[in-house]
Amino acid sequence: MGRALLLTHTHLFSPKSLFPPSLRHRPTAATATATKRIFHFCPPLACRSMDHSSIESVTQRLSNHNLHRLSLEDLKWDHSFVRELPADPRSDSFPREVLHACYTKVSPSAQVEDPQLVAFSHPVADLLDLDYKEFERQDFPLFFSGASPLVGALPYAQCYGGHQFGMWAGQLGDGRAITLGEILNSKSERWELQLKGAGKTPYSRFADGLAVLRSSIREFLCSEAMHHLGIPTTRALCLVTTGKLVTRDMFYDGNAKEEPGAIVCRVAQSFLRFGSYQIHASRGEEDLGLVRVLADYTIKHHFPHIENMSKSEGLSFSTGDEDHSVVDLTSNKYAAWVVEVAERTASLIARWQGVGFTHGVLNTDNMSVLGLTIDYGPFGFLDAFDPKFTPNTTDLPGRRYCFANQPDIGLWNIAQFTTTLQAAHLIDEKEANYAMERYGTRFMDDYQVIMTKKLGLPKYNKQLINKLLTNMAVDKVDYTNFFRTLSNIKADTSIPDEELLVPLKSVLLDIGKERKEAWTSWLKTYVHELSTSGISDDERKRSMDGVNPKYILRNYLCQTAIDAAEIGDFGEVNRLLKLVERPFDEQPGMEKYARLPPAWAYRPGMLEREKKQLRWNRR
């Protein structure tokens, strides 16, 4: 598969090759002849028609919620991961290498003193059929800080490895996250509950297994913000303070500081990642069989449609090679699985690019096999458009994980995943190449649809979109506000040139005569394209506003909420939570949250906070 296929979605992005020699020398599979989509796990963000009138009011939500209300004691626990996969024979938290096992049974151990509930997500409570009144219980913070065990839970920490910044890092694992178990809801959906910051595990290495309020607020809010943007993600049920202080050296200059401790309860159908399989393959023949065991478990519980495939589905595709070989996905469930993982990953990253989200740490241990956004560390949404933007200061020298590189990094990570499955003899080289081929095709398909919808165009126009992104990069235009404002443009070719920029005045700031001419030229072409669509201005505006959010979780908004929470005021955290649940709505009275970042948001300390968080994540 062509390496140049990926960040050529705009000529702005031309990162150097990140592929190792082993991948560069693989035979290239030509574009598959099949045109139908193999797996439809979720429609692309830009293809969804956002009907904001359908958003439930608080009253409607409460009414629907009353149908299936459970107390914490009534939650229906299941423990398939623990029941079906090999365990570490030890259950202590002493840091060590854990061999021949997928997890270690370990209990939360964070010290707690008068813990408090900061916030909780109503929609996630609905996923679990959990009664909202449970969050009012005096003992609720004790359960979700790990101080009191939940009835039916069977906690463990997962073993996994990973490539960090392109280098194999060996065993990593859940160093401060402890999974409580799986909840089966009234729809027979399986949801894992995990406490992040709950104390040491065998995978903590030199760290303390704890989390601070600052990082916990960021993860809690962004998990929910991404979901409501229509992007697959892990979720967050609740956030509690521990009542204890945690020592952190923010600037790594010897001046340690005490910060409030906190624990966020993360929720996902699975927290399995690429590294969950890599760690066993890395240990040679003795543990290689665990790759198959874990793959079988994953397919059984999270990709059951693959096991139910039959020859009649006709999922056979020509690779386009000279020998006219064929990849038959119905003959090898592992090949079908890795293709779906590749496509989910590609679709996920296309959506990130669409909303201007940069993950910051796309190591293979941070890549979900379900195609979810997972592990929120030094993430950031684009403010001023810069393809080389990275929110991770550790990444600044090479910008491996910058915004523009994310699609290529996704492919690089898929290559490591396919290499793992090849080592375990689950797929062959042609099947691995085909999975990477599908990654590229899926990314380009989804990205083109997303960008076409964002601009309200009748069809994809590569040249027009490339020129737009070039202009945005030159003038450092705010990514979110520009696309939201663009819906105000009228498809009227008779508008005089000197008036074309008027609707964009609020987002095209401080541009001189030359740049005004460049933008006017682009707008003339854009308006001409719009005029050929036959769609009314009002209809197009509704459509564009349905895919271009007005509100995103900008870093400075997070910091404002953190500053208040650290002195005991959780109001701003809850206001932001409600804000991000309706990112496409105008929300009268909340306009200040759509403003550009203030000058203080760019102070060095803000970046250092994120740098510190990354370093603790890697310990």
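Our subject is the structure that appears above.
These figures come from a predicted structure and were not determined experimentally. (Residues numbered from 1 in each chain as written. Predicted model: local features only at pLDDT ≥ 70, side-chain atom pairs only at ≥ 80, totals over all residues. Heavy atoms only, no water.)

A. Spotlight on the overall build of the protein. The helix and strand inventory of the protein stands at 19 helices and 14 strands. Relative to its full complement of 619 residues, the protein shows a buried share of 61%. If you take every contact in the protein between residues at least 6 apart in sequence, the share linking residues at least 24 apart comes to 75%. Surface accessibility of the protein: about 24200 Å² in total, with carbon and sulfur atoms responsible for 52%. (Helix = DSSP H or I, 4+ residues; strand = E, 2+ residues; numbered from the N terminus. Buried < 20%, exposed > 50% of the residue type's maximum accessible area, 1.4 Å probe, protein only. Contact = heavy atoms within 4.5 Å. Areas by Shrake-Rupley, 256 points an atom, 1.4 Å probe, with all protein chains shown as cover.)

B. Expanded view of the nonpolar core. Of all hydrophobic cores here, the largest spans 131 residues; its most connected members are Trp337, Met472, Phe482, Leu486, Trp519, Tyr526 and Leu553. Per element, the largest residue contribution to this core is 14 residues, and it comes from helix H10 (residues 333–355). Sequence-distant contacts of Trp519, that is, excluding residues within four places in its chain, are made with Leu468, Asn471, Met472, Asp475, Val477, Phe482, Leu501, Leu508 and Ile511. Of all hydrophobic cores here, the second largest spans 37 residues; its members include Val106, Phe135, Phe143 and Tyr203. (Core = buried A, V, L, I, M, F, W, Y, C linked by side-chain atoms within 4.5 Å.)

C. Examining the pairing of strand E8 (residues 190–196) more closely. Of all seven residues making up E8, seven are buried, and the element is well covered by its neighbours. Side chains Arg190, Glu192, Gln194 and Lys196 of E8 all project onto a buried face; the interleaved residues Trp191, Leu193 and Leu195 project onto the opposite face, where all are buried too. Summarising the sheet, strand E7 (residues 177–184) and E8 pair through seven bridges and their orientation is antiparallel. In the sheet register, Thr179 faces E8, and the bridge partner there is Gln194. Hairpin remark: E7 followed by E8, antiparallel, with five residues in the connecting loop; positive phi at Ser188, about 65°. (Pairing = 2+ DSSP bridges.)

D. Looking closely at the pattern of salt bridges. For the structure on display, the rule yields 39 salt bridges. The partner of Arg266 in a salt bridge is Asp375, with the nearest N and O atoms 3.0 Å apart. Highlighted residues: Arg266 in strand E10 (residues 257–268) and Asp375 in the loop between strand E13 (357–358) and strand E14 (380–381), separated in sequence by 109 residues. Notably, a salt bridge pairs Glu572 with Arg575, separated by 2.8 Å at the nearest N-O pair. Taken together, the positions of Glu572 and Arg575, both in helix H18 (residues 571–580) and three residues apart, correspond to about one turn of that helix. The exposure class assigned to Glu572 is buried, which follows from its relative accessible area of 11%. Here the salt bridges do not stand alone but share partners, grouping Asp78, Arg83, Glu84, Glu182, Arg190 and Lys300 into one network. (Salt bridge = Lys/Arg side-chain N within 4 Å of Asp/Glu carboxyl O.)

E. Examining helix H15 (residues 513–531) more closely. Along its 19 residues, H15 runs 27 Å from first to last C-alpha, staying within 8% of the 27 Å computed at 1.5 Å per residue. By the burial criterion, the buried members of H15 are Arg515, Ala518, Trp519, Thr520, Trp522, Leu523, Tyr526, Val527, Glu529 and Leu530. The inward-facing, buried residues of H15 abut helix H12 (429–455), helix H13 (462–474), helix H14 (479–486) and helix H16 (537–545). (Expected span 1.5 Å × (residues − 1).)

F. How the structure looks around the packing of aromatic side chains. Applying the stated criterion to the full structure yields 28 aromatic pairs. Centre to centre, the rings of Phe403 and Tyr479 are 6.4 Å apart; their planes meet at 65°, and the pair counts as edge-to-face. Of this pair, Phe403 sits in the loop between E14 and helix H11 (406–423) while Tyr479 sits in helix H14, and the two are 76 residues apart along the sequence. According to the relative accessible area criterion, Phe403 is buried, its value standing at 2%. By relative accessible area, Tyr479 is classed as buried at 3%. Here the aromatic residues Phe385, Phe403, Tyr479, Phe482, Phe483, Trp519, Trp522 and Tyr526 are joined through ring pairs into a cluster of three or more. Above the plane of the ring of Trp412 lies Arg400, whose end atom (NZ or CZ) is 4.7 Å from the centre. Residue placement shows Lys454 over the ring face of Phe483; its charged tip is 4.4 Å from the ring centre. (Phe/Tyr/Trp six-rings, centres within 6.5 Å; stacked < 30°, edge-to-face > 60°. Lys NZ or Arg CZ within 6 Å of the ring centre and 35° of its normal.)

G. Structural view of H11. Taking 1.5 Å of rise per residue, 18 residues should cover 26 Å, and H11 covers 26 Å from first to last C-alpha, within 8% of that figure. The buried count for H11 comes to 15 of 18 residues, which makes it a mostly enclosed element. Backbone geometry just downstream of H11 places His425 in the positive-phi region, at approximately 60°.

H. Quick peek at the side chain of Lys196. Considering the arrangement of structural elements, one finds Lys196 in strand E8. Judged by relative accessible area, Lys196 falls into the buried class, the value being 11%. Only 2.6 Å separates the side chain of Lys196 from the side chain of Glu219, close enough to count as a polar contact. (Polar contact = N/O pair within 3.5 Å; in protein donor to acceptor, adjacent residues only side chain to side chain.)

I. Focus on the side chain of Asp475. Turning to its location among the elements, Asp475 is positioned in the loop between H13 and H14. The exposure class of Asp475 is buried, given its relative accessible area of 17%. Here the side chain of Asp475 touches Trp519 through a polar contact of 2.7 Å, side chain to side chain. Once you skip the residues sitting within four places of it in the chain, Asp475 turns out to touch Ile511, Arg515 and Trp519.

J. Representation of the environment of Arg292. Summarising the element assignment, Arg292 is placed in helix H8 (residues 285–302). It is 9.9 Å that separates the C-alpha atoms of Arg292 and Ala281, two residues lying 11 residues apart in sequence.

K. Molecular detail of the packing of helix H7 (residues 274–281) against H8. Interaxial distance between H7 and H8 falls to 7 Å at its minimum, and their mutual angle equals 155°. In terms of axis orientation, H7 runs roughly antiparallel to H8. Within the contact between the two elements, H7 uses Ser276, Tyr277, His280 and Ala281 and H8 uses Asp287, Leu288, Leu290, Val291, Leu294, Ala295 and Thr298. Its residues placed into classes, the contact of H7 with H8 shows seven nonpolar, three polar and one charged. (Axes fitted to C-alpha atoms, helices over the stretch in contact; angles between N-to-C directions. Parallel < 35°, antiparallel > 145°, perpendicular 65-115°, else oblique. Nonpolar A, V, L, I, M, F, W, Y, C, P; charged D, E, K, R; others polar.)

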